[in-house]
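Listed below, chain by chain, are the residues.
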Amino acid sequence: MNAMTTGSDAFLARYDGLGGRLPGRDGYVAGLRARAAEAFRVAGLPHRRLEAWRYTDLSAVAQAGFTEALTLVEEAPALPPARAPHRAVFVDGRFAANLSRMPEGFRAVSLAGALDAAEGVLGSAPEQGLALVALNTMLFEDGLWLDLPEGTDGGTMELLSVATHTDRPIAFHPRHIIRLGRGSTLTLIETATGPNGAAYLHNPVYEIAVAEGATLSHVRLQREGRKAFQLSTVLASVQAGGTYDNFTLNAGGRLVRNEIHTALLGPKAACHMNGAQLAADGQHADTTTFLDHAAPDCASRQTYKTVLAGKSRGVFQGKILVRQAAQRTDGYQMNQALLLSEEAEIDAKPQLEIYADDVKCSHGATVGALDESQLFYLRSRGIPAEEARAMLVQAFLTEAVEGVTDPLAQDALAEAVEGWWEKEAA
Amino acid sequence: MLKIEGLKAEIEGKEILKGIDLEVPMGEVHAIMGPNGSGKSTLSYVLSGREGYEITGGSVTFDGVDLLAMEPEERASAGVFLAFQYPVELPGVGNANFLRTALNAQRRARGESELDAMQFLKMARARLKELQMSDEMLKRNVNVGFSGGEKKRNEVLQMALLAPKLAILDETDSGLDIDALKIVSDGVNALRGPGFSSLVITHYQRLLNHIVPDRVHVLMGGRIVRSGGKELALELEAEGYGTIAA
């Protein structure tokens, strides 16, 4: 028996052992979990023989022997300052009502407390068969459920995930459901963080449904502790005239996978997926996107930038599928990597699969080091070498970051990037 | 103030500067003329501290301090400015941010107080006006999408803001039409005074009609082969470098 199946078995054993202690034991959820467990039993944790996992090795996850955070840490964790009037706080994957300020006017609740109402909603996104989604379904304890009725302006709210346990490796698998009714809008700024000394696994799944003419702006700042694993899967669908914007900053963690599946299901739906990955010595950052153009006249834009320092590794995989019905698709994907050290490694795999004939679809990729002549130009003007390097890294990220228009999100992002540079690369 | 003695430098094992002696007193403008490949650009890069050049002999002092021992940014803060022959494009770096960062880095290094955004803007606008340039210049990314002339003007704007003691102009006239040449020259001439020196490196004499030098030196084969007054430039223009070498 190899390490991979050991890892799968360990998760399955948690599921078998936890039995009735997981929420939703009596209803439809138990059925969902059982089917997910079956799927996970067959698939196991993804391994590198799978095409989609060629560059990211989960054997460290398999070997870690995670347990659940069965008791909540009594002391309230230190939280980043609030940026928006409303925030949902999750501690070790569980909703912390006392730390949260939920918005009113639409459903904004802890999923664990509203499972009965979520029948038909939970598990309705496509790709439920992905191994990590199945793992999440099997073991999720809680999550954020937002449901905006038609025409709601949801403003800006925060989703905060904080890990606290340092005594043993814990795993949590939050399940977030975000649904925007026709013409509604929401900006969700998410920060995930935890102690640097703790090896924990954060395996969130997002089921996102954007209805006709609705706009969701989803900003994710991944700043997990340096020994943490974050494996996240976003499953998003967008109806006619709707927009899903996802910006993800990957700056923390030991091994991180940011996997996004977006399906454009109605005419003139749009999607902007941008991101910045910043990895320093010992970190592995993976962004993998699947964009499904299933309807005509849709537009998608993707810009991903990766900065690698020390002995770090970055991965970008981006597939665009243009179905036969998706005439007049306008698709663009760019991924660029900046290598600050000779030991850093980037693997990039863009993929276009096009079945429609009237399509504008392009992709590009670049890999390079900091430009010595640019560096000298800045220094010749009196700017010290470190400051000059930081300026050039910021400039490199600019294009990906420009997609973030919400001022609160911009501030949070700028801080995160600055903080990364000061701590990790300087 | 700038004193170069027996300066030798090589790049990738090839000796380019073969013993340069040159002195530029405070307040003077000296021209260095020479054919392609004579070492003009190498001299400007060695003086400003670009990596990749190995100094194999001689010395350079600036205000009595060993210039070659300083980092490029330290030379800048000490008052040395290089106007690039090919100004570098910096996509994603706004010109205003670049100029303010540079100015404040130099002020910090000299123990002066930094300028806030408003103070800087006021100062930048004043310089732009003097140089007859548009405020638009500040809003664009550094040199990105600039024409050749605009890039050189941006060099002059930087020089005007940073107010160096020694400006090295590396073929600043190349690729300029006559209007741009005039703007660039006016920019340099405006800085002339007892506290400003300049080393004007050029292939052609025409720039020296606008920036009239106190001295002219001819650089050939990595050495200064002749020095003289401003009339030397005219002589070179009429007779070419061949006669000088002979």
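Going by the structure above, here's the rest.
Asker: Where do I start with the overall build of chain B in this structure?
Answerer: If you tally the helices and strands in chain B, you get 9 helices and 12 strands. For a compact globule of 246 residues, the expected C-alpha radius of gyration is about 18 Å, and chain B comes in at 18 Å, within 12% of that figure. The principal-axis extent of the C-alpha atoms belonging to chain B is close to 55 × 40 × 35 Å. In chain B, which comprises 246 residues, the proportion classed as buried is 52%. For chain B, the proportion of contacts with a sequence separation of at least 24, taken over those separated by at least 6, is 67%. When the accessible surface of chain B is summed, it comes to about 10,500 Å², and 49% of that surface belongs to carbon and sulfur atoms. Put simply, chain B has 28 plus and 34 minus side-chain charges, and the middle of one group is 4 Å from the middle of the other.

Asker: Would you mind showing me how to read the sheet that holds strand E8 (residues 185-193) of chain A here?
Answerer: Two modes of strand pairing occur in sheets, parallel and antiparallel, and in both the strands are linked by backbone hydrogen bonds. Residue and element names in this part refer to chain A. Read across the open sheet, the 10 strands follow the order E2-E1-E5-E8-E11-E13-E15-E17-E19-E21; overall the sheet is mixed. Looking along the sheet, the strands with just one partner apiece sit at the ends: strand E2 (94-95) and strand E21 (359-368). Where strand E11 (residues 215-223) and strand E13 (residues 243-250) come together, 8 bridges link them in parallel fashion. Paired with threonine 215 across the strands is threonine 243, a residue of E13. Packing of helix H6 (residues 385-401) onto the sheet brings it into contact with E13, strand E15 (270-279), strand E17 (299-308) and strand E19 (329-339), and relative to E17 it is tilted by some 160°.

Asker: I would appreciate a short explanation of unusual backbone geometry in the present structure.
Answerer: Leaving glycine aside, a negative phi is the common case for residues, and trans is the common case for peptide bonds. All names here are of chain A. Phi is positive for aspartate 92, which is not a glycine, with a value near 50°. As for its placement among the helices and strands, aspartate 92 is situated in the loop between strand E1 (86-91) and E2. Aspartate 92 sits in the buried class, given a relative accessible area of 1%.

Asker: Would you mind going over the packing of helix H3 (residues 95-109) of chain B against helix H4 (residues 117-130) of chain B with me for this structure?
Answerer: Each pair of packed helices can be described by the angle between their axes along with the distance between the axes. Residues and elements named next belong to chain B. At a minimum axis distance of 11 Å, the contact between H3 and H4 shows a crossing angle of 105°. One element, H3, and the other, H4, form an angle in the roughly perpendicular class. Seen from H3, the contacting residues are Ala96, Leu99, Arg100 and Leu103; seen from H4, they are Ala117, Phe120 and Met123. Across the contact of H3 with H4, the residue classes tally to 6 nonpolar, no polar and 1 charged.

Asker: Hey, could you run me through the interface of chain A and chain B in this one?
Answerer: Accessible area lost on assembly of the parts is the figure often given for the size of an interface. Residue-level contacts link 18 residues of chain A with 34 residues of chain B. Looking at the side of chain A facing chain B, the largest losses of area belong to Phe376, Tyr377 and Arg381 of chain A, adding up to 40% of the total buried there. Inspection of the chain A/chain B interface yields 5 salt bridges. In this structure, glutamate 387 of chain A engages arginine 108 of chain B in a salt bridge whose closest nitrogen and oxygen atoms are separated by 2.9 Å. Our count for the chain A to chain B interface comes out at 12 residue pairs in polar contact (both at pLDDT 80 or more). Mapped by element, the contributors of at least two residues to the side of chain A that touches chain B are helix H5 (372-380) and H6 of chain A. With 8 residues, H5 of chain A is the largest single contributor of residues to the side of chain A that touches chain B.

Asker: Teacher, can you tell me more about the pairing of strand E12 (residues 229-238) of chain A here?
Answerer: Along any regular strand, the residues point their side chains to alternate faces of the sheet. Residue and element names in this part refer to chain A. Burial of E12 is extensive: 10 of the 10 residues sit out of reach of the surface. With burial as the criterion, each face of E12 is covered, one bearing Phe229, Leu231, Thr233, Leu235 and Ser237 and the other bearing Gln230, Ser232, Val234, Ala236 and Val238. Relative to E12, strand E10 (residues 205-210) is paired through 6 bridges, and the arrangement is parallel. Within E12, the residue paired with tyrosine 206 across the bridge is valine 234.

Asker: Before we go on, may I ask you to explain the pattern of salt bridges in this structure?
Answerer: Opposite charge on two side chains lets them pair, provided their charged atoms get close. Residues and elements named next belong to chain A. Counted according to the given criterion, the structure contains 39 salt bridges over all chains. We note a salt bridge from lysine 349 to glutamate 51, for which the minimum N-O separation is 2.9 Å. Linking lysine 349 in strand E20 (residues 345-354) with glutamate 51 in the loop between helix H2 (28-43) and helix H3 (59-63), this pair joins segments that are 298 residues apart in sequence. A relative accessible area of 16% places lysine 349 in the buried class. You can call glutamate 51 partly exposed: its relative accessible area is 45%. Glutamate 212 is the partner of arginine 182 in a salt bridge, and the nearest nitrogen-oxygen pair spans 4.0 Å.

Asker: What's the story with helix H7 (residues 178-191) of chain B in this structure? I'm lost.
Answerer: Note: α-helices contain 3.6 residues per turn, so residues at a spacing of three or four share the same orientation. Residues and elements named next belong to chain B. A rise of 1.5 Å per residue sets the reference length of H7, with its 14 residues, at 20 Å; its end C-alpha atoms lie 20 Å apart and thus fit the reference within 8%. When H7 is considered as a whole, its buried residues turn out to be Ala180, Leu181, Ile183, Val184, Ser185, Gly187 and Val188. Here the buried face of H7 lies against helix H6 (148-162), strand E9 (166-170) and helix H8 (207-210). The N-terminus of H7 is capped by aspartate 177, whose side-chain oxygen sits 3.2 Å from the backbone nitrogen of aspartate 179.

Asker: Where do I start with the sheet that holds strand E4 (residues 54-62) of chain B in this structure?
Answerer: All names here are of chain B. One open sheet holds the 4 strands; their spatial order is E2-E1-E4-E5, and the pairing between them is antiparallel. Each of the sheet's edge strands pairs with one partner strand only, and the pair in question is strand E2 (14-24) and strand E5 (65-66). With 2 bridges joining them, E4 and E5 adopt antiparallel strand pairing. Across the sheet, residue phenylalanine 62 finds its bridge partner in E5, namely valine 65.

Asker: Explain the packing of aromatic side chains to me, please; I cannot follow it from the model alone.
Answerer: By convention here, two paired aromatic rings are described through the distance between centres and the angle between planes. For the structure shown, the criterion picks out 12 aromatic pairs over all chains. When the centroid spacing of 6.3 Å and the interplanar angle of 80° are considered together, the rings of phenylalanine 11 of chain A and phenylalanine 40 of chain A count as edge-to-face. One end of the pair, phenylalanine 11 of chain A, is in helix H1 (residues 3-18); the other, phenylalanine 40 of chain A, is in helix H2, and 29 residues separate them in sequence. Each member of the pair, phenylalanine 11 of chain A together with phenylalanine 40 of chain A, is buried. Residues phenylalanine 172 of chain A and tyrosine 200 of chain A carry aromatic rings whose centres are separated by 6.0 Å and whose planes lie at 15° to one another, so their mutual orientation is stacked. Here the residue phenylalanine 172 of chain A occupies a position in strand E6 (residues 171-172), and tyrosine 200 of chain A occupies one in the loop between E8 and strand E9 (201-202), the gap between them amounting to 28 residues. For phenylalanine 172 of chain A, a relative accessible area of 1% puts it in the buried group. Of the residues examined, tyrosine 200 of chain A reaches a relative accessible area of 1% and is grouped as buried. Connected via pairs of aromatic rings, a cluster forms that spans Phe376 and Tyr377 of chain A together with Tyr45, Tyr53, Phe84 and Phe98 of chain B. If you follow arginine 257 of chain A out to its NZ or CZ, it ends over the ring of tryptophan 53 of chain A, 3.6 Å from the centre. Directly above the ring of phenylalanine 396 of chain A sits lysine 305 of chain A, whose terminal nitrogen or CZ lies 4.7 Å from the centroid.

Thresholds, definitions, all that
- Residues numbered from 1 in each chain as written.
- Chains lettered and ligands numbered in written order.
- Predicted model: local features only at pLDDT ≥ 70, side-chain atom pairs only at ≥ 80, totals over all residues.
- Heavy atoms only, no water.
- Helix = DSSP H or I, 4+ residues; strand = E, 2+ residues; numbered from the N terminus.
- Rg over C-alpha atoms; globule rule 2.2 N^0.38 Å.
- Buried < 20%, exposed > 50% of the residue type's maximum accessible area, 1.4 Å probe, protein only.
- Contact = heavy atoms within 4.5 Å.
- Areas by Shrake-Rupley, 256 points an atom, 1.4 Å probe, with all protein chains shown as cover.
- Lys, Arg positive; Asp, Glu negative; His and termini not counted.
- Charge placed at Lys NZ, Arg CZ, Asp CG, Glu CD.
- Pairing = 2+ DSSP bridges.
- Axes fitted to C-alpha atoms, helices over the stretch in contact; angles between N-to-C directions.
- Parallel < 35°, antiparallel > 145°, perpendicular 65-115°, else oblique.
- Nonpolar A, V, L, I, M, F, W, Y, C, P; charged D, E, K, R; others polar.
- Buried area = accessible area lost by both parts, 1.4 Å probe.
- Salt bridge = Lys/Arg side-chain N within 4 Å of Asp/Glu carboxyl O.
- Polar contact = N/O pair within 3.5 Å; in protein donor to acceptor, adjacent residues only side chain to side chain.
- Expected span 1.5 Å × (residues − 1).
- Phe/Tyr/Trp six-rings, centres within 6.5 Å; stacked < 30°, edge-to-face > 60°.
- Lys NZ or Arg CZ within 6 Å of the ring centre and 35° of its normal.

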